[in-house]
Amino acid sequence: MTDEKCSVLEHVDVGGGYRRLKVASPAIVKDVQAGQFVHVRVPQLDESSLRRPFSVFDAGDGVLTLLYKEVGRGTKALGLVKAGDEINILGPLGHGFPSKASGTALLVGGGYGVAPLYLLAKMLLKNSSAKVKLFVGGRTAADILALDEFRQLGIEVFPATNDGSLGEKGLVTVPLDKEIAALSASSAPFEIFACGPDPMLKAVSERAISSGAKGWISMDRHMICGVGACYACIQKTVRGNSRCCIEGPVFAAEDLVWE
Amino acid sequence: MIDVSVSLGALKMPSFIATASGTFGYGFEYVGAVDYSKLGAVTAKGIRVEPWPGNSMPRHCEVPGGLINAIGLQGTGVEHFLSITVPWYRMQVPSVPIIANIWGDSVESYARVAAKLGGAVDALEMNVSCPNVKAGGHTFGQDPKILAEVVSAVRKETKLPLLVKLAPNVPSIAPYVKACEDSGADALSLINTIPAMAIDIEKRRPVLANVSGGLSGRCVHPVAVKMVYEAYRVTKLPILAMGGVYNAKDAIELFLAGASAVAVGTSLFTDPGVVSSVYDGVVDYCSRHGFSAVRELTGALN
């Protein structure tokens, strides 16, 4: 973990309220695992404002990429950061995804929840012979992010939108259920990796458990410290009140307790 | 060279900066981000005899100039603290003293956790003022008689330097300070968080699951300065001062008001580098103003 002073290389609006931020961050990039996050000090906020946590979308050659949505005061202020600015980033933080899978890896994302799945897809392809497929849901086509980049990795993508403007009409579980049924019918091994809104994660966890597959679920919580010191970002698990920032954000599906 | 060492009773601190309980985990979580060579002590998260799950979520909310938290003293209990946490801390951070912050729901349970800790840590800080746990803490710090009773009970069980962390929300701090003095406390910690509340107007519900919480951060600093100033005028007990320390100026104000040492807390969340910047800034201030030791700043108001 380093509190690194990072120079902003690029910050672009990718539509739908989403932005992509690239920074030079050699120390964090050197150590980061897929599913880990970074804690960003937003320079436009006053000194008593908390840092904001973001999943790592991509990391390589000393460059860290975040993909995020403007959802509140912090992300709105972060939008004012320009190329050439310096920002403090604490990371890498938390417990990420396993970097290997056996059989087929089903990556399931909702909205900006696809952010940690891109680095994960790269890692899985690099470290194992797993076949990787991406299932991604959103309200509308504008909420389906980075599809071309996922396709360029050579993986199949299955989008679903509530309004049917891209891919299947309905929730991401529509194409996911078809895939799980097909894999189960042929007794092919698979694992599920997911990040997105809580209802999606709950639905995906239930499917992992009922199909006997391993499920790795990345939780999104408001945080204070990001390093396990304050106990604010709690997720109920079979072990009690676990901290998303250090025991998570990635938990095994069978460990999660949903309320 | 400015002498940066200070003492809180028998607790010798290699530097004048500590961390505030609840903001710094069990002391080792910030390794890599904080310069521990500039810390004089860490104060661990509140510990009681038994494990405690803490409050429901949400446990915090950001407010202008600060933070309201209602974590609720989640902790693993004293056995785990002694067998796992303290040895791990000593291995990770061999050179910085650790203060255990203790709490309970009865006089007897405070005494028991103090007895169990023995000499495993370097000092004890009694939390008698947490606004977030109804059963424990708060009530003990709101009545000087009960406060005297609980401090005396802990004093009987420990030879360690004993700090008592007092609440800011009392009409006058003097009777509480006197109760601590008379019951064998070695030092005071001032201030704990201030009871506070926020409402989500869209949902028309309190933001925190616990309804209310404790306010900390930038905005509480002037309250801390006043409480330290008032306590210093009525006691010889050294004061560990905390509350909205974001920079050297904030720390120096607390020293001049009467602090013997300062702690950083909520500011660490935004900037773990605050330990270094406060340290360097206070040392620089001493040089510029002709002080040869940081301890000379204590109560040095003109």
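Keep in mind that this is a model prediction, so the values were computed, not measured.

**Some words on the overall build of chain A**
Per the secondary structure count, chain A includes six helices and 16 strands. In summary, chain A has a C-alpha radius of gyration of 18 Å against a globular reference of 18 Å for 259 residues, a match within 12%. With respect to the principal axes defined by its C-alpha atoms, chain A has extents near 55 × 40 × 35 Å. Per-residue burial over chain A gives 55% buried out of 259 residues.

**Examining helix H3 (residues 144-157) of chain B**
For the α-helix, the turn length of 3.6 residues means that residues three or four positions removed from each other point alike. All names here are of chain B. With 14 residues, H3 extends 20 Å between its outermost C-alpha atoms, agreeing within 8% with the 20 Å of an ideal straight helix rising 1.5 Å per residue. Looking at the packing, one finds that the buried side of H3 touches strand S7 (98-102), helix H2 (107-117), strand S8 (123-127), strand S9 (162-165) and helix H4 (174-182). With a side-chain oxygen positioned 2.8 Å from the backbone nitrogen of Lys-145, the residue opening H3 is Asp-143.

**A word on the interface of chain A and chain B**
Listed per partner, the contact involves 27 residues of chain A and 27 residues of chain B. Both sides of the chain A and chain B interface together cover about 2300 Å² of buried area, and 55% of this is carbon and sulfur. Contact with chain B buries surface across chain A, with Glu47(A), Ser48(A) and Tyr231(A) losing the most and accounting together for 25% of the total. Counting across the interface, chain A meets chain B through four salt bridges. Across the pair Asp271(B) and Arg41(A) runs a salt bridge, and its minimum N-O distance is 3.9 Å.

**So, the pattern of salt bridges**
All names here are of chain A. Within this structure, the stated rule accounts for 32 salt bridges over all chains. We note a salt bridge from Arg-20 to Glu-149, for which the minimum N-O separation is 2.7 Å. Separated by 129 residues along the polypeptide, Arg-20 in strand S2 (residues 18-24) and Glu-149 in helix H4 (residues 147-152) bring together distant segments of the chain. Assessed through its relative accessible area of 13%, Arg-20 is described here as buried.

**Concerning the sheet that holds S2(A)**
All names here are of chain A. In spatial order, the strands read S4-S3-S7-S1-S2-S6-S5; together these seven strands make up an open sheet with antiparallel pairing. Looking at which strands have only one partner, the edges of the open sheet turn out to be strand S4 (52-55) and strand S5 (58-60). Direction aside, neighbouring strands of the sheet carry axes that sit 35 degrees apart on average. Pairing of strand S3 (residues 37-41) with strand S7 (residues 86-93) involves four bridges; the strand directions are antiparallel. Across the sheet, Arg-41 pairs through a bridge with Asn-88, a residue of S7. Most of the contacts of helix H3 (residues 115-127) go to S5, to which it runs at about 45 degrees, and overall it touches S4, S5 and strand S6 (63-69).

**Looking at the environment of Ile191(B)**
Residues and elements named next belong to chain B. Considering the arrangement of structural elements, one finds Ile-191 in the loop between strand S10 (187-190) and strand S11 (194-197). Residue class for Ile-191 comes out buried when judged on its relative accessible area of 5%. For the pair Ile-191 and Pro-168, spaced 23 residues apart in sequence, the C-alpha to C-alpha distance is 5.8 Å. Setting aside residues up to four positions removed in sequence, Ile-191 forms contacts with Lys-165, Leu-166, Pro-168, Val-220, Val-223, Ala-224, Met-227 and Met-242.

**Focus on the pairing of strand S6 (residues 66-69) of chain B**
Residue and element names in this part refer to chain B. Along S6, one buried face is formed by Gly-66 and Ile-68 and the opposite face, lined by Leu-67 and Asn-69, is buried too. Relative to S6, strand S5 (residues 60-63) runs antiparallel, the two being bridged by four bridges. Among the inter-strand pairings, Glu-62 is bridged to a residue of S6, identified as Leu-67. Remark: two residues form the turn of the hairpin made by S5 and S6, two consecutive strands paired antiparallel; Gly-65 in that turn has positive phi of roughly 80 degrees. Sheet topology places S6 next to strand S14 (residues 212-216); three bridges connect them, and they run antiparallel. Within S14, the residue paired with Leu-67 across the bridge is Ser-216.

**A look at the nonpolar core**
Counting 148 residues, the largest nonpolar core has Phe16(B), Tyr30(B), Leu124(B), Met126(B), Leu147(B), Leu166(B) and Val282(B) as the members making the most contacts within it. Two domains each donate at least three residues to this core, and these are domain 1 (2-93) and domain 2 (104-255) of chain A. Every residue in contact with Tyr30(B), bar those within four places of it in the chain, is listed here: Met1(A), Cys225(A), Val227(A), Ala229(A), Thr23(B), Phe24(B), Tyr36(B), Leu268(B), Phe269(B) and Pro272(B). Counting 51 residues, the second-largest nonpolar core is a separate cluster that includes Leu21(A), Val32(A), Leu66(A) and Leu120(A).

**Some words on the side chain of Thr19(B)**
Locating Thr19(B) in the fold gives a position in strand S3 (residues 17-19). Sequence-distant contacts of Thr19(B), that is, excluding residues within four places in its chain, are made with Phe24(B), Leu39(B), Ala41(B), Val42(B), Thr43(B), Ala263(B), Val264(B) and Leu268(B).

**A look at helix H5 (residues 173-185) of chain A**
Residue and element names in this part refer to chain A. In a regular helix each residue adds 1.5 Å, so 13 residues correspond to 18 Å; H5 covers 17 Å between its end C-alpha atoms and thus fits that length. Taken together, the buried positions of H5 are Thr-173, Pro-175, Leu-176, Glu-179, Ile-180 and Leu-183. Down the axis of H5, the buried set is contained in an arc of 160 degrees. They therefore lie on one face. Turned more than 90 degrees off the buried face of H5, the exposed positions are Lys-178 and Ala-185. Downstream of H5 by a residue or two, Ser-187 has a phi angle that is positive, lying close to 55 degrees.

**Quick word on the domain arrangement of chain A**
Residues and elements named next belong to chain A. By domain assignment, chain A separates into domain 1 (2-93) and domain 2 (104-255). Relative to domain 2, the C-alpha centre of domain 1 lies at a distance of 21 Å. Summed over both sides, the interface of domain 1 with domain 2 buries roughly 1900 Å², with 67% coming from carbon and sulfur. For the domain 1 face of the interface with domain 2, the top three residues by lost area are Tyr-18, Ala-34 and Phe-57, together amounting to 28%. Where domain 1 touches domain 2, the interface holds two salt bridges. Where domain 1 packs against domain 2, one counts five residue pairs in polar contact (both at pLDDT 80 or more). Looking at the side of domain 1 that touches domain 2, the elements with two or more residues in it are S2, S3, S4, S5, S6 and S7. Residues belonging to the side of domain 1 that touches domain 2 are distributed by class as follows: 13 nonpolar, five polar and three charged.

**Some points on the environment of Glu202(B)**
Checked against the element boundaries, Glu202(B) lands in the loop between strand S12 (199-200) and strand S13 (205-206). Given a relative accessible area of 69%, Glu202(B) falls into the exposed group.

**Re the packing of aromatic side chains**
Scanning the entire structure with this criterion turns up 15 aromatic pairs over all chains. Where Tyr110(B) meets Phe140(B), the ring centres are 5.1 Å apart and the plane angle is 75 degrees; that geometry is what we call edge-to-face. One end of the pair, Tyr110(B), is in helix H2; the other, Phe140(B), is in the loop between S8 and H3, with 30 residues separating them in the sequence. An aromatic cluster is defined as three or more aromatic residues linked by ring pairs; in this entry it consists of Phe57(A), Tyr118(A) and Phe150(A). Sitting above the plane of the Tyr231(A) ring, Lys45(B) keeps its charged end 4.9 Å from the centroid.

Calculation rules
Residues numbered from 1 in each chain as written. Chains lettered and ligands numbered in written order. Predicted model: local features only at pLDDT ≥ 70, side-chain atom pairs only at ≥ 80, totals over all residues. Heavy atoms only, no water. Helix = DSSP H or I, 4+ residues; strand = E, 2+ residues; numbered from the N terminus. Rg over C-alpha atoms; globule rule 2.2 N^0.38 Å. Buried < 20%, exposed > 50% of the residue type's maximum accessible area, 1.4 Å probe, protein only. Expected span 1.5 Å × (residues − 1). Contact = heavy atoms within 4.5 Å. Polar contact = N/O pair within 3.5 Å; in protein donor to acceptor, adjacent residues only side chain to side chain. Buried area = accessible area lost by both parts, 1.4 Å probe. Salt bridge = Lys/Arg side-chain N within 4 Å of Asp/Glu carboxyl O. Pairing = 2+ DSSP bridges. Axes fitted to C-alpha atoms, helices over the stretch in contact; angles between N-to-C directions. Core = buried A, V, L, I, M, F, W, Y, C linked by side-chain atoms within 4.5 Å. Domains from an automatic or database assignment. Arc of directions from axis to C-beta. Nonpolar A, V, L, I, M, F, W, Y, C, P; charged D, E, K, R; others polar. Phe/Tyr/Trp six-rings, centres within 6.5 Å; stacked < 30°, edge-to-face > 60°. Lys NZ or Arg CZ within 6 Å of the ring centre and 35° of its normal.

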